[in-house]
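Residues per chain, in single letters:
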Amino acid sequence: MVTRNTRPTVADIRAMKARGEKISMLYVTTLEEAAAADAAGIHMLSIEGRFFSPEMREAAGRCFVQVGLPYGGWGTFQGRPLATAEDYLRAAFHFAAMGGDCFYCAASYDIQKTLCDNHVPIVAHVGLIPSYITWTGFRAVGKTAEEATKVLRQVKQLEAIGCFGAELEVVPDRVGAFISKNTSMIMLGMGAGPGADAQYLFAEDVLGHTQGHKPRHAKTYRNFAAEYERLQGERIAAFKEFIADIDSGAYPAPQHNVAITDEEFAHFMDQAKA
């Protein structure tokens, strides 16, 4: 049983799906975001391996954490891209030792199956897959019956090899609902409609400081961009005041200095001149 002092297991997340409970999920990159997600009661976090650390795991608290294993040109592990099943398995075990609860893997079915066969909880990806974007472009996937059927078949294949879940990105809402209801996997919906098992957004979109394209499915709840701009202005103003104080002699003032008694300074000068 999950309590306030424990975090959910794979079995707990599956039980949430079975009960029809909605799962909240955020992609985070900082300790502050992870800690805020825990304090707010977010169920799942997605954290890339390059951002994951023991400190990040501690900040995430009771959140169930999906660690993203790098794929191709999307990152490296221990200085090199992951290429073989052994590479991925080593990385997964490394992050599991830090407290990762499941692992995102966009590699081939055979690599994903190797991880699943070694009892590593794997989250795959269907629909719009950024790491495969050269094949589809940035667009919704599954708007034709043929393409929607292909997505469903991919889900069934992932289910057959033992995946725990899959990100379901930018597919029509009715397709997303049908797929989610007809698989045992946890479908982590990002622009896949309300019928997905989880609703998954990037923290930067929720907080309003998205860099570059803001997807249609994103919803902004706070304007951190304006706050960051204000803070940057305050930084610049403070630095300018610092320069002005140096130029005028206002800094350092006596309270910023270390004093020496007249007697000790006189002894120092005698020794320095000897």
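Placed above this text is the structure.
Here the structure is a predicted model, which is why all the values come from computation and not from measurement. (Residues numbered from 1 in each chain as written. Predicted model: local features only at pLDDT ≥ 70, side-chain atom pairs only at ≥ 80, totals over all residues. Heavy atoms only, no water.)

A tally of regular secondary structure across the protein gives 11 helices and eight strands. Its C-alpha atoms give the protein a radius of gyration of 26 Å, more than 25% over the compact-globule value 19 Å for 274 residues. Put simply, the protein has 274 residues, and 40% of those count as buried. Once local pairs closer than 6 in sequence are excluded, the contacts in the protein between residues at least 24 apart make up 50%. Carbon and sulfur atoms form 56% of the exposed surface of the protein, whose accessible area is close to 15,800 Å². (Helix = DSSP H or I, 4+ residues; strand = E, 2+ residues; numbered from the N terminus. Rg over C-alpha atoms; globule rule 2.2 N^0.38 Å. Buried < 20%, exposed > 50% of the residue type's maximum accessible area, 1.4 Å probe, protein only. Contact = heavy atoms within 4.5 Å. Areas by Shrake-Rupley, 256 points an atom, 1.4 Å probe, with all protein chains shown as cover.)

A few words now on the packing of helix α7 (residues 145-161) against helix α8 (residues 173-181). At a minimum axis distance of 11 Å, the contact between α7 and α8 shows a crossing angle of 25°. With respect to their mutual orientation, α7 and α8 come out roughly parallel. The element α7 and its partner α8 pack so that their crossing is right-handed. Between α7 and α8, the residues in contact are Ala-148, Val-151, Leu-152 and Val-155 and Val-175, Phe-178 and Ile-179, respectively. (Axes fitted to C-alpha atoms, helices over the stretch in contact; angles between N-to-C directions. Parallel < 35°, antiparallel > 145°, perpendicular 65-115°, else oblique. Left-handed = near helix turned anticlockwise from the far one by under 90°.)

Turning to helix α4 (residues 85-98), a few remarks are in order. Between its terminal C-alpha atoms α4 stretches 20 Å, which fits the 20 Å expected from 14 residues at 1.5 Å a residue. All of the buried residues in α4 are Asp-87, Tyr-88, Leu-89, Ala-91, Ala-92 and Phe-95. On the buried face of α4, the contacting elements are β3 (64-68), β4 (102-104) and α5 (109-117). A positive phi of about 115° marks Gly-99, the residue just after α4. (Expected span 1.5 Å × (residues − 1).)

With that settled, consider the side chain of Glu-33. Relative to the elements of secondary structure, Glu-33 occurs in helix α2 (residues 31-40). For the buried residue Glu-33, which engages in no salt bridge, the nearest side chain bearing the opposite charge is Arg-50, 11 Å off. Excluding residues within four positions of it along the chain, Glu-33 makes contact with Val-28, Ala-203, Leu-207 and His-209. (Lys, Arg positive; Asp, Glu negative; His and termini not counted. Salt bridge = Lys/Arg side-chain N within 4 Å of Asp/Glu carboxyl O.)

Time to look at the pairing of strand β6 (residues 165-169). Looking along a regular strand, one sees the side chains alternate between the two faces of the sheet. Where burial is concerned, most of β6 is hidden: five out of the five residues are buried. Burial along β6 is two-sided: Gly-165, Glu-167 and Glu-169 and Ala-166 and Leu-168, pointing in opposite directions, are all buried. Pairing of strand β5 (residues 122-127) with β6 involves five bridges; the strand directions are parallel. Note that in β6 the partner of Gly-127 across the bridge is Glu-169. Where β6 and strand β7 (residues 186-190) come together, five bridges link them in parallel fashion. Paired with Glu-169 across the strands is Met-190, a residue of β7. Running through α8, the crossover from β6 to the neighbouring parallel element β7 is right-handed. (Pairing = 2+ DSSP bridges. Right-handed = clockwise from strand over helix to strand, strands pointing away.)

Read around the closed barrel, the eight strands follow the order β1-β2-β3-β4-β5-β6-β7-β8; overall the barrel is parallel. Mean inter-strand twist for the sheet, computed between neighbouring axes without regard to direction, equals 30°.

Cis rather than trans, the peptide bond between Tyr-251 and Pro-252 has omega equal to 0°. Relative to the helices and strands, Pro-252 resides in the loop between α10 (224-248) and α11 (262-273). Phi is positive for Gln-78, close to 55°, though the residue is something other than glycine. On the secondary structure map, Gln-78 appears in the loop between β3 and α4. Positive phi outside glycine occurs at His-119, with the angle close to 65°. Looking at where His-119 falls in the secondary structure, it is placed in the loop between α5 and β5. Using a relative accessible area of 73% as the deciding quantity, one classes His-119 as exposed.

A few words on the state of the cysteines. Counting across every chain of the model gives zero disulfides. Cys-116 carries a free sulfur, and the closest cysteine sulfur to it, the one in Cys-163, is 4.1 Å from it. According to the relative accessible area criterion, Cys-116 is buried, its value standing at 11%. (Disulfide = S-S within 2.5 Å.)

Let us look at the layout of surface pockets. By volume, the largest pocket is sized at about 1,200 Å³. Around the largest pocket sit 46 residues that line it, and Pro-130, Phe-138, Glu-169, Met-190 and Phe-202 are the ones nearest its centre. Those elements giving two or more residues to the lining of the largest pocket turn out to be β2 (44-48), β3, β6, β8 (198-202) and α9 (203-206). Broken down by class, the residue content of the lining of the largest pocket amounts to 23 nonpolar, 14 polar and nine charged. As for the second largest pocket, its lining consists of 20 residues, and the residues nearest its centre are Gly-127, Ile-129, Tyr-132, Lys-150 and Gln-154. Sorting the residues of the lining of the second largest pocket by element identifies α5, β5, α6 (133-136) and α7 as the ones contributing at least two each. Among the elements that take part in the lining of the second largest pocket, α7 stands out by supplying five residues, more than any other. (1 Å grid on protein atoms, 1.4 Å probe; cavity = no way out; pocket = protein on both sides within 12 Å on 5 of 7 lines; lining within 4 Å. Points joined across faces, edges and corners; volume = space filled by probe spheres on them. Nonpolar A, V, L, I, M, F, W, Y, C, P; charged D, E, K, R; others polar.)

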